Amino acid sequence: EAGVTQFPSHSVIEKGQTVTLRCDPISGHDNLYWYRRVMGKEIKFLLHFVKESKQDESGMPNNRFLAERTGGTYSTLKVQPAELEDSGVYFCASSQALGGGYSETQYFGPGTRLLVL
Amino acid sequence: QQPVQSPQAVILREGEDAVINCSSSKALYSVHWYRQKHGEAPVFLMILLKGGEQKGHEKISASFNEKKQQSSLYLTASQLSYSGTYFCGTSGPGGKLIFGQGTELSVKP
């Protein structure tokens, strides 16, 4: 079974440009989470989808970030316009059970390393 | 509320043991442990769901003390492959994980 995949693996852009990150969760996983790790710090929650619906976007930094999940399958995270502080590693994770829950294992993708210059 | 991990970093020789602690000021319902190697995905190690629960995975085990609101990860007879950053995470509403700041573990030959 394929794991969580993310594309691209790396992205270097200039301040003010737009970048779109993609995540393909494990097939059949209803829950999809986005997280971000800024260098040397903890992994921070950004948002949570259940199927195609946004369940919780309390971690999104500001309205420059837009996430979508088409048809409850893959998800995209767009940053527009990018700022220097957006640099970091963006992880996607998925879990199986509908509605998530404190007992569900989340499987992480390899991340997209974003560098904004 | 972010859980607090200690120590922040530890250096071991192969074969030595280590303990990583994770504590929270809020009630813990579950503790999730992950290990991340540089440039790779965080890899799930284990979940502890109930106070008093202990789990083992080869030479890596963990305990969960619900009353003290803390969990500990035990690495026994460490191997080079154990190197990486260890994160504990607690579950928030909807299952989102709130991670500690990480513990960097280096195992030297």
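This section reports on the structure supplied with the text. These numbers were taken from a predicted model, which means no experiment stands behind them. (Residues numbered from 1 in each chain as written. Chains lettered and ligands numbered in written order. Predicted model: local features only at pLDDT ≥ 70, side-chain atom pairs only at ≥ 80, totals over all residues. Heavy atoms only, no water.)

## Section: the state of the cysteines
All names here are of chain A.
Step number 1: Per the counting criterion, the structure on display carries 2 disulfides over all chains.
Step number 2: The disulfide that involves C23 links it to C92, with 1.8 Å between the sulfurs. Taking the torsion about the sulfur-sulfur bond, which here is approximately -60°, the covalent link between C23 and C92 counts as left-handed. With a gap of 69 residues between them, C23 in strand β3 (residues 19–24) and C92 in strand β9 (residues 88–95) connect regions that are remote in the sequence. Neither residue differs from the other here; C23 and C92 are each classed as buried. (Disulfide = S-S within 2.5 Å. Helix = DSSP H or I, 4+ residues; strand = E, 2+ residues; numbered from the N terminus. Buried < 20%, exposed > 50% of the residue type's maximum accessible area, 1.4 Å probe, protein only.)

## Remarks on the pattern of salt bridges
All names here are of chain A.
Step number 1: As enumerated under the stated definition, the model contains 6 salt bridges over all chains in all.
Step number 2: Here E83 and K15 are joined by a salt bridge, their closest N and O atoms 4.0 Å apart. Note that E83 is positioned in the loop between β8 (75–79) and β9 and K15 in the loop between β2 (10–13) and β3, a separation of 68 residues in sequence.
Step number 3: By relative accessible area, which is 52% here, K15 ends up exposed.
Step number 4: Notably, a salt bridge pairs R64 with D86, separated by 2.6 Å at the nearest N-O pair. (Salt bridge = Lys/Arg side-chain N within 4 Å of Asp/Glu carboxyl O.)

## Observations concerning the packing of aromatic side chains
Step number 1: For the structure on display, the rule yields 11 aromatic pairs over all chains.
Step number 2: A centroid spacing of 6.1 Å and a plane angle of 65° characterise the contact between F108 of chain A and F99 of chain B, whose relative ring orientation is edge-to-face. Placement of F108 of chain A in strand β10 (residues 107–108) and of F99 of chain B in strand β10 (residues 97–99) is noted, with the two residues assigned to different chains. Across this residue pair, the class does not change: F108 of chain A and F99 of chain B are buried.
Step number 3: Sitting above the plane of the Y74 of chain A ring, R22 of chain A keeps its charged end 3.8 Å from the centroid. (Phe/Tyr/Trp six-rings, centres within 6.5 Å; stacked < 30°, edge-to-face > 60°. Lys NZ or Arg CZ within 6 Å of the ring centre and 35° of its normal.)

## Looking at the interface of chain A and chain B
Step number 1: Each partner contributes residues to the interface: chain A has 23 residues there, and chain B has 24 residues.
Step number 2: Taken together, both faces of the contact between chain A and chain B bury some 1800 Å²; the carbon and sulfur share is 58%.
Step number 3: Where chain A meets chain B, there are 1 salt bridge.
Step number 4: Close ionic contact of D56 of chain A with K96 of chain B constitutes a salt bridge, the shortest N to O distance being 3.3 Å.
Step number 5: At the surface where chain A touches chain B, the tally comes to 7 residue pairs in polar contact (both at pLDDT 80 or more).
Step number 6: At the level of secondary structure, the elements contributing two or more residues to the side of chain A that touches chain B comprise β4 (31–37) and β5 (43–50) of chain A. (Contact = heavy atoms within 4.5 Å. Buried area = accessible area lost by both parts, 1.4 Å probe. Polar contact = N/O pair within 3.5 Å; in protein donor to acceptor, adjacent residues only side chain to side chain.)

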